[in-house]
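# Results of the structural survey
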Amino acid sequence: GNSVTQMEGPVTLSEEAFLTINCTYTATGYPSLFWYVQYPGEGLQLLLKATKADDKGSNKGFEATYRKETTSFHLEKGSVQVSDSAVYFCALRTGANSKLTFGKGITLSVRP
Amino acid sequence: EAEVAQSPRYKITEKSQAVAFWCDPISGHATLYWYRQILGQGPELLVQFQDESVVDDSQLPKDRFSAERLKGVDSTLKIQPAELGDSAMYLCASSLVGLAGPYEQYFGPGTRLTVT
């Protein structure tokens, strides 16, 4: 079956530090890959996505590249801000209209 | 900007009681999803509708959970009787449907259920 594995958290960084959050997956077929963000008290928001191998998704300074050879979709940001503090979820789906399979999520806290 | 609406935002109930959650998807979104998010974990699908039909309810505990979307618009998720292990965030999401997907799933703010 499909599964997503995220690195253990939480992660605490100082403002302007470099961020990497690891995500690997197992899937049948050719999944689309997503990063969602959940701010305190809010629902999930799509941060970025990639639908095929070697695609790079980007948004708000965050980037992730779909690596089929390593089955990975690591999230990176060159300089984090306090406002980036949230829970980040890696997810996949294997059909155009199918459900999302999520990782456990990781909490990011950014200190001023 | 259109949003997925959910109510209530918070619900506290005693075990063995019945509880219901409501979701109103973005207008025009044929697909509706109910996810359960246990604290410290990612959301897991409970049930997926396309219009008024159930597409996937393989992870729905059917002995106590039920879901309906009678007119293919808003949806209700019910738990009867509630158990302590049902304490979680219940998320509703909606999306367009079609062969040109994958279409983005838009999530509502969720209902936080606490069973005492």
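Throughout what follows, the structure given in this document is the object of discussion. (Residues numbered from 1 in each chain as written. Chains lettered and ligands numbered in written order. Predicted model: local features only at pLDDT ≥ 70, side-chain atom pairs only at ≥ 80, totals over all residues. Heavy atoms only, no water.)

## Some details on the overall build of chain A
Within chain A, the secondary structure is distributed over zero helices and 12 strands. Secondary structure of chain A in N-to-C order comes out as β-β-β-β-β-β-β-β-β-β-β-β. In terms of overall size, chain A behaves like a compact globule, its C-alpha atoms giving a radius of gyration of 13 Å where 112 residues would be expected to give roughly 13 Å. When its C-alpha atoms are laid out on the principal axes, chain A stretches across 45 × 30 × 25 Å. Here chain A holds 112 residues, and the buried ones make up 45% of them. Here the contacts in chain A between residues at least 6 apart in sequence split such that 55% fall between residues at least 24 apart. Side-chain charges in chain A split into 11 positive and 10 negative, and the spacing between the mean points of these groups amounts to 8 Å. (Helix = DSSP H or I, 4+ residues; strand = E, 2+ residues; numbered from the N terminus. Rg over C-alpha atoms; globule rule 2.2 N^0.38 Å. Buried < 20%, exposed > 50% of the residue type's maximum accessible area, 1.4 Å probe, protein only. Contact = heavy atoms within 4.5 Å. Lys, Arg positive; Asp, Glu negative; His and termini not counted. Charge placed at Lys NZ, Arg CZ, Asp CG, Glu CD.)

## Points about the sheet that holds strand S8 (residues 75-79) of chain B
Residue and element names in this part refer to chain B. Here we have four strands laid out as an open sheet, ordered S1-S3-S8-S7, and antiparallel in their pairing. One side of each edge strand has no neighbouring strand; the edge strands of this open sheet are strand S1 (5-7) and strand S7 (65-68). Strand-to-strand, the axes of this sheet are offset by a mean angle of 15 degrees, without reference to chain direction. (Pairing = 2+ DSSP bridges. Axes fitted to C-alpha atoms, helices over the stretch in contact; angles between N-to-C directions.)

## So, the interface of chain A and chain B
The parts lose accessible area when they come together, and the size of an interface is often stated as this lost area. Each side of the interface is counted separately: chain A has 22 residues, and chain B has 23 residues. For the pair chain A and chain B, the interface holds zero salt bridges. Linking chain A with chain B are six residue pairs in polar contact (both at pLDDT 80 or more), by the criterion used here. Contributions of two or more residues to the side of chain A that touches chain B are made by strand S5 (32-38), strand S6 (44-50) and strand S10 (86-93) of chain A. Here the element with the most residues in the side of chain A that touches chain B is S5(A); it accounts for four residues. By residue class, the composition of the side of chain A that touches chain B is eight nonpolar, nine polar and five charged. (Salt bridge = Lys/Arg side-chain N within 4 Å of Asp/Glu carboxyl O. Polar contact = N/O pair within 3.5 Å; in protein donor to acceptor, adjacent residues only side chain to side chain. Nonpolar A, V, L, I, M, F, W, Y, C, P; charged D, E, K, R; others polar.)

## Section: the state of the cysteines
Evaluation of the coordinates by the stated rule reveals two disulfides over all chains. Between the sulfur atoms of A:Cys23 and its disulfide partner A:Cys90 the distance amounts to 1.9 Å. Handedness of the A:Cys23-A:Cys90 disulfide follows from its S-S torsion of about -70 degrees: it is left-handed. Highlighted residues: A:Cys23 in strand S4 (residues 23-26) and A:Cys90 in strand S10, separated in sequence by 67 residues. Covalent S-S linkage joins B:Cys23 and B:Cys92, the inter-sulfur distance amounting to 1.9 Å. Linking B:Cys23 and B:Cys92, the disulfide has an S-S dihedral of approximately -70 degrees and is accordingly described as left-handed. Here B:Cys23, found in strand S3 (residues 19-24), pairs with B:Cys92, found in strand S9 (residues 88-95); they are 69 residues apart in sequence, far enough to count as distant. A single burial state applies to B:Cys23 and to B:Cys92, both of which are buried. (Disulfide = S-S within 2.5 Å.)

## Some thoughts on the packing of aromatic side chains
Applying the stated criterion across every chain, the model contains 11 aromatic pairs over all chains. Aromatic ring contacts, followed pair by pair, group A:Phe34, A:Tyr36, A:Phe89, A:Phe102, B:Tyr33, B:Tyr35 and B:Phe107 into a single cluster. (Phe/Tyr/Trp six-rings, centres within 6.5 Å; stacked < 30°, edge-to-face > 60°.)

## Considering the side chain of B:Ser94
Residue and element names in this part refer to chain B. Mapped onto the secondary structure, Ser94 falls in strand S9. Given the relative accessible area of 0%, Ser94 is considered buried. A distance of 2.8 Å separates a polar atom in the side chain of Ser94 from a polar atom in the side chain of His29. What Ser94 contacts, discounting residues up to four positions off in sequence, is Val4, Pro25, Ile26, His29, Thr31, Leu32, Tyr33, Glu104, Gln105 and Tyr106.

## Regarding the pairing of strand S6 (residues 53-56) of chain B
Residue and element names in this part refer to chain B. Where strand S5 (residues 44-50) meets S6, three bridges bridge the pair, whose relative direction is antiparallel. The partner of Phe49 across the bridge, within S6, is Val54. Counted along the chain from S5 to the antiparallel partner S6, the turn is two residues long, and its residue Asp51 has a positive phi close to 55 degrees.

## Points about the pairing of strand S2 (residues 11-14) of chain A
Looking along a regular strand, one sees the side chains alternate between the two faces of the sheet. Residues and elements named next belong to chain A. Side chains Val11 and Leu13 project from S2 onto a buried face, and the interleaved Thr12 and Ser14 project onto a face without burial. In this structure, S2 lies alongside strand S12 (residues 106-111), joined through four bridges in parallel fashion. Bridging from a neighbouring strand, Ser14 pairs with Arg111 of S12.

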